[in-house]
Amino acid sequence: MRLFVALELPPEVKDRLASLAGGLPGVRWVRPENYHLTLRFIGEVPGHLAEELDLALAAIRAKPFPLSLSGLGTFEKGGRVQSLHVVAERTPGLAHLQSKIETALQRSGLPAERKRFAPHVTLARTEGAALPKLAGFIQAHNLFRTEPVMVERFVLYSSQLGKEAAVYTPEVEYDLAA
Ligand code: 2AM
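It should be emphasised that the depicted structure is a prediction, and the values quoted were computed from it without experimental measurement. (Residues numbered from 1 in each chain as written. Predicted model: local features only at pLDDT ≥ 70, side-chain atom pairs only at ≥ 80, totals over all residues. Heavy atoms only, no water.)

**Student:** I keep staring at the side chain of Ser158 and nothing clicks. Help me out?
**Tutor:** Relative to the elements of secondary structure, Ser158 occurs in strand 9 (residues 153-160). The exposure class assigned to Ser158 is buried, which follows from its relative accessible area of 11%. One polar contact links Ser158 to Glu171, side chain to side chain, over a distance of 2.6 Å. Beyond its immediate stretch of four places on either side in the chain, Ser158 contacts Met1, Arg2, Leu3, Phe4, Val167, Tyr168, Thr169 and Glu171. (Helix = DSSP H or I, 4+ residues; strand = E, 2+ residues; numbered from the N terminus. Buried < 20%, exposed > 50% of the residue type's maximum accessible area, 1.4 Å probe, protein only. Polar contact = N/O pair within 3.5 Å; in protein donor to acceptor, adjacent residues only side chain to side chain. Contact = heavy atoms within 4.5 Å.)

Written out as structure tokens, the structure is:
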């Protein structure tokens, strides 16, 4: 199974994000039903390890916290802009949950994540976009903000890569409790 741990986004946030999509030739917009905030990408794991990881995630105790999205950014690789995202504020509540998840998964045998956690919601794959257009788009939407929403759970998703778009299936939900 190809797995990742993420936050789902409420419909009002997805609607705001969807309102940003459009007006950039050559980009592939993420479908609104696929918007999510990844806390930890796990990747392909055998079934028995998936069960271990589920047990470890279920044992996490963390409190609900507010989540706000604020501003746009891009990720680059080899000098190419690969994706466009909305930035999530790196609040103590979000950082705490992410670090608990990282610790729990490492204890269950996953290698440490080497990349620093950069919370974001991917809006589009941008390999085919013209850079000046992309820069203009980011500038135009620089003040994009969402009202804080309370995060009450996190989710273990499976991902099936498709030709057009990946299909993400929520496998297990873990509630946060005050
Ligand atoms: P992205 O949105 O920045 O591409 C499911 O693939 C989720 O896991 C995506 O949100 C993706 O982030 C994230 N992810 C992190 N590392 C990944 C990797 N090495 N391969 C695929 N997805 C990864």
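**Student:** Teacher, can you tell me more about the site of the ligand here?
**Tutor:** Around the ligand, the neighbouring residues are Arg2, Phe4, His36, Thr38, Phe41, His120, Thr122, Arg125 and Tyr168. Note that an oxygen atom of the ligand is positioned 2.6 Å from one of the side-chain N or O atoms of Thr38. Separating an oxygen atom of the ligand from a side-chain N or O atom of Thr122 is a distance of 2.5 Å. Expressed as a share of its isolated accessible area of 470 Å², the protein-covered part of the ligand is 69%. Elements with a contribution of two residues or more to the shell around the ligand: strand 1 (2-7), strand 3 (37-44) and strand 7 (120-125). No other element matches the three residues that strand 7 contributes to the shell around the ligand. A breakdown of the residues in the shell around the ligand according to their chemical character gives three nonpolar, four polar and two charged. (Near = heavy atom within 4 Å. Areas by Shrake-Rupley, 256 points an atom, 1.4 Å probe, with all protein chains shown as cover. Nonpolar A, V, L, I, M, F, W, Y, C, P; charged D, E, K, R; others polar.)

**Student:** Teacher, can you tell me more about the side chain of His85 here?
**Tutor:** Structurally, His85 is set in strand 6 (residues 80-88). Dropping the residues within four chain positions of it, His85 is found in contact with Gly71, Leu72, Gly73, Thr74, Phe75, His120, Val121, Thr122 and Leu123.

**Student:** Explanation requested: the sheet that holds strand 3 in the structure shown.
**Tutor:** Remark on secondary structure: sheet strands pair via backbone hydrogen bonds, oriented parallel or antiparallel. Here four strands make up an open sheet; going across it, the order is 3-1-9-10 and the pairing antiparallel. Edge positions in the open sheet fall to strand 3 and strand 10 (167-175), since each of these has one partner strand only. Geometrically, the sheet is characterised by an average inter-axis angle of 20 degrees between neighbouring strands, direction not taken into account. Summarising the sheet, strand 1 and strand 3 pair through six bridges and their orientation is antiparallel. Bridge pairing links Leu7 to Leu37 in strand 3. Across the sheet, helix 2 (residues 47-58) lies against strand 1, strand 3, strand 9 and strand 10, angled at about 40 degrees from strand 10, the strand it touches most. Sitting on the sheet, helix 3 (residues 92-107) touches strand 1, strand 3 and strand 9, and the angle it makes with strand 3 is about 15 degrees. (Pairing = 2+ DSSP bridges. Axes fitted to C-alpha atoms, helices over the stretch in contact; angles between N-to-C directions.)

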